[in-house]
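These are the residues of each chain, in order.
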Amino acid sequence: MLRCPECGNGAVFNGYLRFRDTCAVCGANFKAADAGDGPAVFVILVVGAIVAPLLIILQVGLNLADWLALTITMVTAIVLCIAFLPPFKSTLFALQWKHKAREATHEDVE
Ligand SMILES: [Zn+2]
């Protein structure tokens, strides 16, 4: 994860979520890298599945005050989203790379 899909060694990101232009190890060209909205969709689904039960447990199970349960849930959601975005984005990019995914052209339908 977070490594070049071609060689498995070079870092795929330059910073938090910005793709490098090329792999520093093998020189693979990442300029066409575009995972679009995909990573955010999967992160929303996974984080939502974690924090929704958490909120119910905190409010109903532990009987915490609403403001405290909501604060814990929101902080957890933000931290998980920040933590999950890079691995999800690099994984979707690696899948696009492996399957040579790209935008459809007129040549594809002929
Ligand atoms: Zn590489």
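All of these numbers come straight from a predicted model, not from anything done at the bench.

## Some remarks on the overall build of the protein
- Scanning the protein from N- to C-terminus turns up three helices and zero strands.
- Counting helices and strands in the order they occur from the N terminus, the protein gives α-α-α.
- Relative to its length of 110 residues, the protein is extended, with a C-alpha radius of gyration of 19 Å against a globular reference of 13 Å.
- For the protein, the C-alpha atoms occupy an extent of roughly 60 × 35 × 15 Å along the three principal directions.
- The contacts in the protein between residues at least 6 apart in sequence include a share of 45% that link residues at least 24 apart.

## Notes on the environment of Lys-98
- Tracing the backbone shows Lys-98 in helix H2 (residues 66-98).
- Take Lys-98: there are 10 C-beta atoms within 10 Å of it, and that puts it in the exposed class.
- Sequence spacing of Lys-98 and Pro-5 is 93 residues, and the spatial spacing of their C-alpha atoms is 7.5 Å.

## Details of the confidence of the model for the protein
- Summarising the model, the protein shows a mean pLDDT of 89, and 98% of its residues fall at 70 or more.
- The spread of mean pLDDT over the elements of the protein runs between helix H3 (residues 106-109), the lowest at 72, and helix H1 (residues 38-61), the highest at 94.

## Observations regarding H1
- Its 24 residues place the ends of H1 34 Å apart at the C-alpha level, agreeing with the 34 Å of an ideal helix rising 1.5 Å per residue.
- Among the residues of H1, those classed as buried are Pro-39, Val-51 and Leu-58.
- Tucked inside the fold, the buried residues of H1 contact H2.
- In the stretch just after H1, Asn-63 is the one whose phi turns positive, near 60°.

## Quick word on H2
- With 33 residues, H2 should reach 48 Å at 1.5 Å per residue; the first-to-last C-alpha distance of 46 Å fits that figure.
- Along H2, the sharpest kink reaches roughly 35°, centred on Phe-84 and followed within four residues by the proline Pro-86.
- Within H2, the full set of buried residues consists of Lys-89, Ser-90, Phe-93 and Ala-94.
- Buried-residue contacts for H2 involve H1.
- Just beyond H2, the residue with positive phi is Lys-100, at close to 50°.

## What to know about the environment of Arg-3
- Along the chain, Arg-3 falls in the segment before H1.
- Overall, Arg-3 belongs to the partly exposed group, with 16 C-beta atoms counted inside 10 Å.
- On a C-alpha basis, the gap between Arg-3 and His-99 in space is 17 Å, while along the polypeptide they are 96 residues apart.
- Once residues lying within four places of it in the same chain are set aside, the contact partners of Arg-3 are Gly-8, Asn-9, Gly-10, Ala-11 and Val-12.

So, how was this worked out
- Residues numbered from 1 in each chain as written.
- Predicted model: local features only at pLDDT ≥ 70, side-chain atom pairs only at ≥ 80, totals over all residues.
- Helix = DSSP H or I, 4+ residues; strand = E, 2+ residues; numbered from the N terminus.
- Rg over C-alpha atoms; globule rule 2.2 N^0.38 Å.
- Contact = placed C-beta atoms within 7 Å.
- Buried ≥ 20, exposed ≤ 12 C-beta atoms within 10 Å, placed from the backbone.
- pLDDT = per-residue confidence, 0-100.
- Expected span 1.5 Å × (residues − 1).
- Bend = angle between axes of the 7 residues up to and from the residue.

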